[in-house]
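These are the residues of each chain, in order.
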Amino acid sequence: MGDEVLTLSQAAARLGVSTKALRLYETRGLLRPARSPAGWRRYGRADLDRARQIVDLRALGFPLREVGALLDAAPAALDEALARRGAAIRNELSQAAARLAAIERRRRALAVAPPPAVASPRATFALPWPWGGEPFTFERHAGVTLLVGPLFSGKTRLAVRLAETLPNATFVGLERAGFADRAGDDGAALTPRAAAARDFLCARGGADTPALRALVAAMEADAWETVVIDLVEAGLDARTQTALGDWLRAPRGAGPALIVMTRSSAVLDLARLSHARAVVLCPANHAPPTFVESTPGAPGFEAVASCLAPPEVRARVAGVVAVRRPAA
């Protein structure tokens, strides 16, 4: 190369990096290229050699805060730093290999014993008030269907009609009538599946309360094919609602299909919503309910998001009822 002098863009092209990277190295004090009388950077052979060392060290995974010291380090110190970096890479490879092996084990388990399929009941009926009797077809295509809508959108009436229309279905209201007795004192009467659901929720921070025990008794009841639950988060604190969202996202095997109403963003976490979960939106304008795809930007997705609130907000406005003043 001799006494060749390169501009900023020429030096970046020679080194295979961006001009922004070279400017960053200069800002950090790692490079000090000469300047022309007009102020343009000029990279000589020594500048390029030093810049190449920086690029090579960055390629090995060293952060910029360490590169400056390594550039001027004695061979023994550089060798020690390289040894540490090699050990870190070997550890990363070992962890990645363990994760890959776990993935392959899960895939083999699925191939041997796929999760049991859940039936897909279908119902067509005339929508109740506040709709105008429009025909509506409901086809559950997942173990859990989430029913969402703003206040006074008719979602409770839709939930009741679904429970009346779907084969062997029941509606579980806010009082969870009868299901507290099925749980027994301290959950002693819970079925094995309901007890497992409670243990799942409590292991993730949920509170073992009568409200939680009545809820799991309803969700894992054997008497019905479909259980429709009014405001599934009722009576549950924030951590329990978050744990409940995890439970509802888990694959379902045995047990009834669930249709759950919610307005809690902890239960229906749109950032973690699986495509295997169905969401039905009751619009504020009383247009017929629609199934909403769990993809940001899909029709109705933003409307679903606007119906949800964190548990602390839901607790603050619980029981608030809008009242219209009588006309004078």
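Residues numbered from 1 in each chain as written. Predicted model: local features only at pLDDT ≥ 70, side-chain atom pairs only at ≥ 80, totals over all residues. Heavy atoms only, no water.

(A) Expanded view of the pairing of strand 7 (residues 226–229). In strand 7, alternate side chains face the same way, and those of Thr226 and Val228 on one face and Val227 and Ile229 on the other are all buried. As judged from the four bridges shared by strand 6 (residues 169–172) and strand 7, these two strands associate in the parallel manner. Residue Phe171 lies in a different strand from strand 7, and its bridge partner there is Val228. Note that strand 7 and strand 8 (residues 257–261) share four bridges and pair parallel. Within strand 8, the position partnered with Val228 by the bridge is Ile259. Taking the sense of rotation as the criterion, the β-α-β connection linking strand 7, helix 10 (residues 238–249) and strand 8 turns out right-handed. (Buried < 20%, exposed > 50% of the residue type's maximum accessible area, 1.4 Å probe, protein only. Helix = DSSP H or I, 4+ residues; strand = E, 2+ residues; numbered from the N terminus. Pairing = 2+ DSSP bridges. Right-handed = clockwise from strand over helix to strand, strands pointing away.)

(B) Representation of the environment of Arg198 within the structure. Topologically, Arg198 is positioned in helix 8 (residues 192–203). Overall, the relative accessible area of 13% leaves Arg198 in the buried class. In this structure, the C-alpha to C-alpha distance between Arg198 and Leu244, residues 46 residues apart in sequence, is 9.6 Å.

(C) Region of interest: the sheet that holds strand 9 (residues 278–281). Taken in spatial order, the six strands line up as 6-7-8-5-9-10 in an open sheet, and their pairing is mixed. Edge positions in the open sheet fall to strand 6 and strand 10 (290–292), since each of these has one partner strand only. Here the average twist between neighbouring strands, direction ignored, is 25°. (Axes fitted to C-alpha atoms, helices over the stretch in contact; angles between N-to-C directions.)

(D) Spatial organisation of the packing of aromatic side chains. Taken as a whole and assessed by the stated rule, the structure comprises two aromatic pairs. Ring geometry for Phe125 against Phe136: centres 5.8 Å apart, planes inclined by 70°, an arrangement best described as edge-to-face. Placement of the pair is Phe125 in strand 3 (residues 122–126) and Phe136 in strand 4 (residues 135–139), with a sequence separation of 11 residues. Relative to Phe291, the ring of Phe138 lies with its centre 5.8 Å away and its plane at 35°, an arrangement referred to as tilted. Here Phe291 lies in strand 10 and Phe138 lies in strand 4, a separation of 153 residues in the sequence. Residue Phe138 is classed as buried on the basis of its relative accessible area of 1%. Residue class for Phe291 comes out partly exposed when judged on its relative accessible area of 33%. Against the face of Phe200 rests Arg204, its NZ or CZ located 3.7 Å from the ring centre. (Phe/Tyr/Trp six-rings, centres within 6.5 Å; stacked < 30°, edge-to-face > 60°. Lys NZ or Arg CZ within 6 Å of the ring centre and 35° of its normal.)

(E) Region of the structure containing the packing of helix 8 against helix 9 (residues 210–219). One way to put it is that helix 8 packs onto helix 9 with a least axis distance of 8 Å and a crossing angle of 135°. By the angle between their directions, the pair helix 8 and helix 9 is classed as oblique. For the pair helix 8 and helix 9, the sense of crossing is right-handed. Contacts between helix 8 and helix 9 involve Ala194, Ala197, Arg198, Leu201 and Cys202 on the former and, on the latter, Leu212, Arg213, Val216 and Ala217. Taken together, the residues of the contact of helix 8 with helix 9 break down into seven nonpolar, no polar and two charged. (Parallel < 35°, antiparallel > 145°, perpendicular 65-115°, else oblique. Left-handed = near helix turned anticlockwise from the far one by under 90°. Contact = heavy atoms within 4.5 Å. Nonpolar A, V, L, I, M, F, W, Y, C, P; charged D, E, K, R; others polar.)

(F) Broad picture of the pattern of salt bridges. Under the counting rule described, the total for this entry stands at 13 salt bridges. Residue Arg193 is joined to Glu220 by a salt bridge in which the shortest nitrogen-to-oxygen separation is 2.9 Å. Pair noted here: Arg193 is in helix 8 and Glu220 is in the loop between helix 9 and strand 7, with a separation of 27 residues, a long-range link. On the basis of relative accessibility, which here comes to 27%, the residue Arg193 falls in the partly exposed class. Residue classification places Glu220 among the buried positions, given a relative accessible area of 6%. Put simply, Arg198, Asp199, Asp208 and Arg213 are held in one network by salt bridges that share partners. (Salt bridge = Lys/Arg side-chain N within 4 Å of Asp/Glu carboxyl O.)

(G) Main features of helix 8. With 12 residues, helix 8 extends 16 Å from end C-alpha to end C-alpha; this agrees with the ideal 16 Å at 1.5 Å per step. Buried within helix 8 we find Ala194, Ala195, Ala197, Arg198 and Leu201. Buried residues of helix 8, seen end-on, are gathered within an arc of 155° and therefore sit on one face of the element. Within helix 8, the exposed residues directed more than 90 degrees away from the buried face are Pro192 and Ala203. Lining the buried residues of helix 8 we find helix 9 and helix 10. Gly205 lies just past helix 8 and shows a positive phi near 100°. (Expected span 1.5 Å × (residues − 1). Arc of directions from axis to C-beta.)

(H) Structural detail: unusual backbone geometry. Look at the link from Trp129 to Pro130: it is a cis peptide, with omega at 20°. Phi at Phe152 is positive, roughly 65°, even though this residue is not glycine. Secondary-structure assignment places Phe152 in the loop between strand 5 (144–148) and helix 6 (155–165). Of note, the phi angle at His286 is positive, near 65°, even though the residue is not glycine. Residue classification places His286 among the partly exposed positions, given a relative accessible area of 28%.

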